Amino acid sequence: MQISSRAQKIEPFYVMEVAKAAANLGQEIAHTDAPMVFLNIGEPDFTAPPLVQQAAEKAVRDGHTQYTPATGLPALRENISAWYASRFGADVPASRIIVTAGASAALHLACMALIEAGDEVLMPDPSYPCNRHFVSAAEGRAVLIPTTAQERFQLSADKVQAAWGPRTRGVLLASPSNPTGTSIHPDELRRIHQVVQARGGITVVDEIYLPLSFDAQFGQTALAIDEHIISINSFSKYFSMTGWRLGWMVVPEKLVPVIERLAQNLFICPSTIAQHAALACFAPESIALYEARRQEFKARRDYFIPQLNAMGLNVPVVPDGAFYAWADCSNACAKLGIQDSWDFAFAMMNQAHVAITPGRDFGLDQTHHFVRFSTASSMEQLQTAVERLRSVLL
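Residues numbered from 1 in each chain as written. Predicted model: local features only at pLDDT ≥ 70, side-chain atom pairs only at ≥ 80, totals over all residues. Heavy atoms only, no water.

Undergrad: How should I be thinking about the pairing of strand S2 (residues 97–100) in this particular structure?
TA: A regular strand places its side chains on the two faces of the sheet in alternate fashion. What you see with S2 is no split at all: Ile97 and Val99 on one side and Ile98 and Thr100 on the other are buried throughout. Bridging between S2 and strand S8 (residues 247–250) involves four bridges; their strand directions are antiparallel. The residue bridging Val99 from the neighbouring strand is Trp248, located in S8. (Buried < 20%, exposed > 50% of the residue type's maximum accessible area, 1.4 Å probe, protein only. Helix = DSSP H or I, 4+ residues; strand = E, 2+ residues; numbered from the N terminus. Pairing = 2+ DSSP bridges.)

Undergrad: Just to check I follow, could you spell out the pairing of strand S12 (residues 370–374) for this structure?
TA: Taken across its five residues, S12 has five buried, putting it largely inside the fold. On S12, burial covers both faces: Phe370, Arg372 and Ser374 on one face and Val371 and Phe373 on the other are all buried. Summarising the sheet, strand S9 (residues 324–328) and S12 pair through five bridges and their orientation is antiparallel. When the sheet's bridge partners are listed, Trp326 is paired in S12 with Arg372.

Undergrad: Teacher, can you tell me more about the sheet that holds S9 here?
TA: Two modes of strand pairing occur in sheets, parallel and antiparallel, and in both the strands are linked by backbone hydrogen bonds. Across the sheet, which stays open at both edges, the three strands sit in the order S9-S12-S11 with antiparallel pairing between neighbours. For this open sheet the edge positions go to S9 and strand S11 (357–358), each flanked by a neighbour on one side alone.

Undergrad: Where do I start with the sheet that holds S8 in this structure?
TA: If you walk across this open sheet you meet the seven strands as S2-S8-S7-S6-S5-S3-S4, and the pairing is mixed. Lying at the two open borders of the sheet, with one neighbouring strand each, are S2 and strand S4 (141–146). The mean angle between the axes of side-by-side strands here comes to 25°, regardless of whether they run parallel or antiparallel. Direction of pairing for strand S5 (residues 168–174) relative to strand S6 (residues 202–206): parallel, over a ladder of five bridges. (Axes fitted to C-alpha atoms, helices over the stretch in contact; angles between N-to-C directions.)

Undergrad: Explain unusual backbone geometry here, please?
TA: Trans is the prevailing form of peptide bonds, just as negative phi is the prevailing case for residues other than glycine. At the junction of Asp125 and Pro126, the peptide bond is cis and its omega measures out at 15° in the coordinates. You can see Pro126 is positioned in the loop between strand S3 (120–125) and helix H6 (129–137). Following Ser175, the chain continues into Pro176 via a peptide bond in cis, with omega recorded as -5°. By the element assignment, Pro176 lies in the loop between S5 and helix H8 (186–198).

Undergrad: Even after reading the chapter, I still don't get empty space enclosed by the protein, so can you show me in this structure?
TA: In this approach the atoms are scanned with a rolling probe the size of a water molecule, which exposes any empty space left behind. Enumeration over the complete set of coordinates arrives at three cavities of 30 Å³ or more. In this structure, the largest cavity is lined by Leu107, Ala110, Cys111, Leu114, Ile115, Val121, Val135, Gly170, Val171, Leu172, Ile202 and Val204. Breaking the lining of the largest cavity down by element, the ones donating at least two residues are helix H5 (102–114), S5 and S6. The leading source of residues in the lining of the largest cavity is H5, at four residues. Considering only enclosed or pocket space, the second largest cavity measures out at about 40 Å³ in volume. Around the second largest cavity sit Ala70, Val99, Thr100, Ala101, Leu109, Ala263, Phe267, Cys269 and Pro270, which together line it. (1 Å grid on protein atoms, 1.4 Å probe; cavity = no way out; pocket = protein on both sides within 12 Å on 5 of 7 lines; lining within 4 Å. Points joined across faces, edges and corners; volume = space filled by probe spheres on them.)

Undergrad: Whenever I open this one, the state of the cysteines confuses me. Can you help?
TA: Simply put, disulfide is the name for a covalent bond between the sulfur atoms of two cysteines. Scanning all chains against the criterion turns up zero disulfides. A disulfide-free cysteine, Cys111 has its sulfur positioned 12 Å from the sulfur of Cys130, the nearest such atom. Cys111 sits in the buried class, given a relative accessible area of 7%. As a non-bridged cysteine, Cys281 has Cys269 as the owner of its nearest cysteine sulfur, 18 Å distant. Overall, Cys281 belongs to the buried group, its relative accessible area being 0%. (Disulfide = S-S within 2.5 Å.)

Undergrad: Please clarify how the pattern of salt bridges should be interpreted in this entry.
TA: Where charged atoms from two side chains of opposite charge approach closely, those side chains can pair. By the definition in use, this model includes 13 salt bridges. Linking Glu139 and Arg6 is a salt bridge whose minimum nitrogen-to-oxygen distance equals 3.9 Å. Note that Glu139 is positioned in the loop between H6 and S4 and Arg6 in helix H1 (residues 5–9), a separation of 133 residues in sequence. For Glu139, a relative accessible area of 44% puts it in the partly exposed group. Among the ionic pairs, Arg300 bridges to Glu296, the shortest N-O distance being 3.2 Å. Here the residue Arg300 and the residue Glu296 both occupy positions in helix H11 (residues 284–310), the gap between them amounting to four residues, near one helical turn. Judged by its relative accessible area of 25%, Glu296 falls in the partly exposed class. (Salt bridge = Lys/Arg side-chain N within 4 Å of Asp/Glu carboxyl O.)

Undergrad: Sorry, what's going on with H8 here?
TA: The periodicity of an α-helix, 3.6 residues per turn, causes residues three or four places apart in sequence to face the same way. Compared with the 18 Å implied by 1.5 Å per residue over 13 residues, the 18 Å span of H8 between its first and last C-alpha is a close match. Of the residues making up H8, those classed as buried are Pro186, Glu188, Leu189, Ile192, His193, Val195 and Val196. Of the surrounding elements, those touching the buried residues of H8 are helix H7 (157–163), S5 and S6. Backbone geometry just after H8 places Gly200 at a positive phi near 70°. (Expected span 1.5 Å × (residues − 1). Contact = heavy atoms within 4.5 Å.)

Undergrad: It is not clear to me how the packing of H11 against helix H14 (residues 379–393) should be interpreted in this structure. Could you clarify?
TA: The relative placement of two packed helices comes down to the angle between their axes together with the axis-to-axis distance. Put simply, H11 and H14 touch, their axes get as near as 10 Å, and they point 5° apart. Here H14 runs roughly parallel to H11, going by the angle between their axes. In this structure, H11 uses Glu296, Ala299, Arg300, Tyr303, Phe304 and Gln307 to contact H14, whose residues at the interface are Met379, Leu382, Gln383 and Val386. Across the contact of H11 with H14, the residue classes break down as six nonpolar, two polar and two charged. (Parallel < 35°, antiparallel > 145°, perpendicular 65-115°, else oblique. Nonpolar A, V, L, I, M, F, W, Y, C, P; charged D, E, K, R; others polar.)

Here's what the structure looks like:
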């Protein structure tokens, strides 16, 4: 069977390759004294709140399971709009909000709508690997720009300006970022957008971790800067609905009919049951629970980062959001006599029974020195992981 060149250009998602290896070993040792601790996947250990679960059950009982508009339930779009106003003080009309089959569908739709064959999209190195593959799927090319700890592993306006070329279409950013958990300062994001706008380009910002910000200076939506910024968001992380596959995007008014037309053809509509369930996310009781969980994620970060640093797994920038730690394992590799973060991840998997993610997925510049830890697991699991890692590294 002949495979398309488009498919052949998509690299494996190594996060999932490592996850499969960890899961297989985890099954083998599940009943031992040291079962696997999984710190490799960015999935909250919390599930959807009770009101959300009840809303899903009610939707099924009441037969609310048929197609919705391709742009999503009007009531859900209105709820999201109201949430932007109450949470961020941002005026985001429901008419600009399109509900999607997860943030992945939103990114896919944005790329399909805005990228021509051969267009280049600038993004930071390191960054979430699927973002560059969405660009590739639209026959564009992701251009990774190396970043430093001093830049919080984020792009700057100066770097965007220097990298802009004749085929550049725009930038795809994430704030807070996976894998680093770091955000772009709003002032710098404004400068980046000015550079992009001056060249007729597009600014796309992945904000799926934004509600999990721990620092007020970073916890602001890019939508407050300009209505021409395209924001991607999700019910997966803050709202604890990973497997429900529900997200949304906010686009300029003139782009709404274009995205709607694409969504009609590519996805029909997002999950109807998930949409009815998500209406309950914005109930005061649910929001109170989500905020308590956000504080728990912060407490996990505050415990775990110093522990990594004490073991020689240096986290050069303390994450201001999300639930990741981007740690330099160079010294640990040298101590253990292994080559890079890929080998280090498998060493920790086999020797400490702690599953982590090597940096290979996330870029090309220095990523072989880094591993990503997910702090989305319970405090008890994090404490167990620290004990196991210390036994190997110290």
